[in-house]
Amino acid sequence: MHNLVILIGNLGKDPEIRHMPDGDPVASFSLATSETWIDKQGQKRETTQWHNIVCYRGTAKIAQDWLKKGKLICIEGKIVYRQWQDEHQVTHYKTEIIAEQIQMLGKKDD
């Protein structure tokens, strides 16, 4: 079985950078993907999905150095589902895309 996700979208914010205990960088940011269609009444409709993206090590360095809010990119990675309980025993769920490759799209001067 394979776990492969490919997304093309725009960054919702600049990457947030933190570091693991060994000093390796971790970058996280949101990515918006949109879909448009024409409904039965002939009206153009659009929906946007937001994805939580996480990058480690070299990919995090690329995100830190090159990615900015609004930039059009292609992400290739895997989907990960996490759950945890907070101090009040409330269970939280989060879906993340672990980016293994990032490709900048759009115009060169963006």
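Positions within a chain are numbered from 1, following the residues in the order the chain's sequence is written. Reporting of local features is limited, given that this is a predicted model, to residues whose pLDDT is at least 70; pairs of side-chain atoms are given and counted only at 80 or more, and all residues count toward the totals for whole chains, interfaces and linings. Side-chain figures throughout are based on the complete set of non-hydrogen atoms in the structure, without hydrogens or water.

So what's going on with the nonpolar core? Residues and values would help.
If you look at the biggest cluster of nonpolar residues, it comprises 16 residues, and the most contacted ones within it are F29, I53, C55, I73, I75 and I102. Among the elements of the structure, β1 (5–11), β3 (25–38), β4 (44–56), α1 (57–66), β5 (72–85) and β6 (91–104) are those that each provide at least two residues to this core. When neighbours within four sequence positions are excluded, I73 is seen to be in contact with L7, I8, G9, L11, F29, L31, L67, I102, Q103, M104 and L105. Buried Ala, Val, Leu, Ile, Met, Phe, Trp, Tyr and Cys residues that are joined via side-chain atoms within 4.5 Å together make up what is termed a nonpolar core. Classification of residues uses two cut-offs on accessible area relative to the type maximum, computed with a 1.4 Å probe and protein chains only: under 20% is buried, over 50% is exposed, and between them is partly exposed. Strands here mean DSSP runs of E at least two residues long; helices mean DSSP runs of H or I at least four residues long; both are numbered from the N terminus. Here a residue-residue contact requires only that any non-hydrogen atoms of the pair lie within 4.5 Å.

Kindly report on the pairing of β6, identifying the contributing residues and their values.
Two strands are said to pair when DSSP picks up at least two bridges between them. Note: β4 against β6, four bridges, orientation parallel. Within β6, the position partnered with V54 by the bridge is I98. Here β5 pairs with β6 via 13 bridges, running antiparallel. Looking at the pairing, W84 lines up with H92 of β6. Hairpin connection between β5 and β6: a loop of five residues separates the two successive antiparallel strands, and Q89 in this loop has a positive phi of roughly 65°.

Please give an account of α1 that cites residues and values.
Among the residues making up α1, those that are buried are T59, A60 and A63. Mapping the buried residues of α1 onto a view down its axis gives an arc of 100°, with all of them on the same face. Looking at the packing, one finds that the buried side of α1 touches β2 (16–19), β3, β4 and β6. Working definition: the arc comes from the directions between the helix axis and the C-beta atoms, pointing outward to the latter.

Account for the side chain of S30, with residues named and values stated.
Along the chain, S30 falls in strand β3. Look past the residues within four positions of S30 in its chain and what remains in contact with it is N10, L11, G12, K13, W50 and H51.

For the pairing of β3, give the residues involved together with the corresponding values.
The sheet contact formed by β1 and β3 spans two bridges and is antiparallel. The partner of L11 across the bridge, within β3, is L31. The turn joining β2 and β3, which pair antiparallel and follow one another in sequence, is formed by five residues; a positive phi near 95° is taken by G23. Alignment of β3 against β4, held across 13 bridges, turns out to be antiparallel. If you follow W37 over to β4, its bridge partner there is R45. Hairpin geometry of β3 and β4 is characterised by an intervening segment of five residues between the two adjacent antiparallel strands and by a positive phi of about 85° at G42.

Please set out the layout of surface pockets residue by residue, giving values where relevant.
Take a probe with the size of a water molecule and roll it over the atoms, and the empty space left behind shows itself. With a 1 Å grid spanning the protein atoms alone, the term cavity applies to any set of points in which a 1.4 Å probe fits but cannot get out, the term pocket to an open set with protein on both sides within 12 Å along at least five of seven lines, and the term lining residue to any residue with an atom within 4 Å of a point. Grid points are joined across faces, edges and corners, and a volume is the space filled by probe spheres set on the points. Its boundaries defined by the atoms lining it, the largest pocket holds a volume of some 160 Å³. Along the walls of the largest pocket sit K13, E16, R18, S28, F29, S30, N52, I53, V54, K94 and E96, which together make up its complete lining. Of all the secondary structure elements, the ones that give two or more residues to the lining of the largest pocket are β2, β3, β4 and β6. We call Asp, Glu, Lys and Arg charged. Ala, Val, Leu, Ile, Met, Phe, Trp, Tyr, Cys and Pro are nonpolar, and the rest, Gly among them, are polar. Its residues assigned to classes, the lining of the largest pocket shows three nonpolar, three polar and five charged.

Break down a nonpolar patch on the surface for me, with residues and values.
Patch definition: residues above 30% relative accessible area lacking any salt bridge, with like charges linked at up to 9 Å and the nonpolar side chains Val, Leu, Ile, Met, Phe, Trp and Tyr linked at up to 5 Å. Computed with the Shrake-Rupley method and a 1.4 Å probe, the accessible areas treat only the protein chains shown as cover for residues. Here, a salt bridge means any side-chain nitrogen of Lys or Arg that lies within 4 Å of a carboxyl oxygen of Asp or Glu. A surface patch of nonpolar side chains, amounting to about 310 Å² of accessible area, comprises I62, W66 and M104. Summarising the element assignment, M104 is placed in strand β6. A relative accessible area of 33% places M104 in the partly exposed class.

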